[in-house]
Amino acid sequence: TSDAGAMSATAAPTDLVVENGRVLSIEGGRARLVAADVVIAAGRVRALIPRGARATPHDRRTRLDAAECIVVPGLVNAHTHSPEMLARGRAERARFGAWMSAVWADLDDLSPQRARLAVLLGAAEMIGTGVTGVVDHLRRFPMTESVLEAVVDAYSDTGMAACVPVMLRDAADATGRMVDAPHLSALPSAERQIAIV
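Counting restarts for each chain, with residues numbered from 1 along the sequence as it is written. Reporting in this predicted model follows two pLDDT cut-offs: at least 70 for local features of residues, and 80 or more for side-chain atom pairs to be given and counted; totals over whole chains, interfaces and linings ignore these cut-offs and use all residues. Neither water nor hydrogens contribute to the side-chain values; these are computed over all heavy atoms in the structure.

Helical segments are the DSSP runs of H or I of at least four residues, strand segments are the runs of E of at least two, and each set is numbered from the N terminus. Of the regular secondary structure elements, the protein holds five helices and eight strands. Seen in sequence order, the protein has helices and strands lined up from the N terminus as α-β-β-β-β-β-β-α-α-β-α-β-α. For each residue, the accessible area found with a 1.4 Å probe, counting protein chains only, is set against the maximum for its type, and the residue is called buried under 20%, exposed over 50%, and partly exposed in between. Every one of the 197 residues in the protein was classed for burial, and the buried ones make up 33%. For the protein, the accessible surface area stands at approximately 11700 Å², while carbon and sulfur atoms represent 55% of it. Accessible areas in this description were obtained via Shrake-Rupley with a 1.4 Å probe; residue shielding takes into account the shown protein chains only.

Structure representation (structure tokens):
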């Protein structure tokens, strides 16, 4: 924190100052809590100012009181499937195979609007728990450009950092049904699916 504390908080207009919190700091491989204000400008942390070191109060419009809180970097949800937000409460206590059979056919038919809604619901929940980045292993068979664009646009609108790897399938099982999509008898070729991505 010593280098960050020396940074000028006036290098860019201040967007937000998180005040009165305890900042999680890692120094020399050890974690400790430091009483400091976090100055954010142009969307980036610009300075950590030790409590009481700032001569003038921050503009009231840009303050967030973090008293009794620990200020940490945003968390990352490293694996989710956004369409499944719309499957909560369905097939409760079912084994995985039965659950898939109960929900995936409907999820594979999501419209772009419903795919967007699923992302926004999940993002609201994640942001509310401190998650600022997500890897959304997006499942929809077959994938469409309109659904993929709706998902990417929705994440962009949330302000979250998002990686959206698209789940692809083109293999059939011994019965001729698609692996992990038994409700489908065929899917576009792998080449076509990759071209959409």
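In this section: the packing of aromatic side chains. Pairing of aromatic side chains requires ring centres within 6.5 Å, counting the rings of Phe and Tyr and the six-membered ring of Trp. Pairs whose planes differ by under 30 degrees are stacked, by over 60 edge-to-face, and all others tilted. For the structure shown, the criterion picks out three aromatic pairs. Relative to Trp 99, the ring of Phe 96 lies with its centre 6.3 Å away and its plane at 15°, an arrangement referred to as stacked. Taken together, the residues Phe 96 and Trp 99, both in helix 2 (residues 96–107) and three residues apart, mark about one turn of the helix. For the pair Phe 96 and Trp 104, a centre-to-centre distance of 6.3 Å together with 90° between the ring planes defines the contact as edge-to-face. In this structure an aromatic cluster arises from ring pairing among Phe 96, Trp 99 and Trp 104. Comment: the charge-over-ring label is applied if NZ (Lys) or CZ (Arg) is within 6 Å of the ring centre and within 35 degrees of the ring normal. Across from the ring centre of Trp 104, 3.4 Å away, lies the NZ or CZ of Arg 139, which sits over that ring.

Among the six residues of strand 6 (residues 75–80), zero are classified as buried, and the element is accordingly described as predominantly exposed. A strand pair is defined by DSSP finding two or more bridges across the two strands. The sheet contact formed by strand 6 and strand 7 (residues 131–136) spans four bridges and is parallel. Bridge pairing in strand 7 links Leu 75 to Val 131.

Bringing unusual backbone geometry into the picture now. Residue Pro 142 follows Phe 141 across a cis peptide bond; omega there is -10°. With respect to the helices and strands, Pro 142 occurs in the loop between strand 7 and helix 4 (145–158). Phi at Glu 68 takes a positive value of approximately 70°, unusual for a residue other than glycine. As for its position among the elements, Glu 68 is in the loop between strand 4 (63–65) and strand 5 (70–71). Even without being a glycine, Arg 93 presents a positive backbone phi close to 65°. Position of Arg 93 among the secondary structure elements: in the loop between strand 6 and helix 2.

As a general point, the strands of a sheet are linked pairwise by backbone hydrogen bonds and lie either parallel or antiparallel. Spatially, 6-7-8 is the arrangement adopted by the three strands of the open sheet, whose pairing is parallel. Two strands in the sheet have a free side with no partner beyond their single neighbour: strand 6 and strand 8 (161–163). In this sheet, adjacent strand axes meet at a mean angle of 15° when their direction is disregarded. Sheet topology places strand 7 next to strand 8; three bridges connect them, and they run parallel. For helices, the fitted axis covers only the stretch in contact; all axes are lines through C-alpha atoms, and the angles between them, taken along N-to-C directions, range from 0 to 180 degrees.

This part takes up the environment of Ala 162. Looking at the secondary structure, you find Ala 162 in strand 8. The class for Ala 162 is partly exposed, based on a relative accessible area of 38%. With sequence-adjacent residues up to four places away left out, Ala 162 is seen in contact with Val 134 and Tyr 155. Note on contacts: a residue pair is in contact if any heavy atoms of the two residues lie within 4.5 Å.

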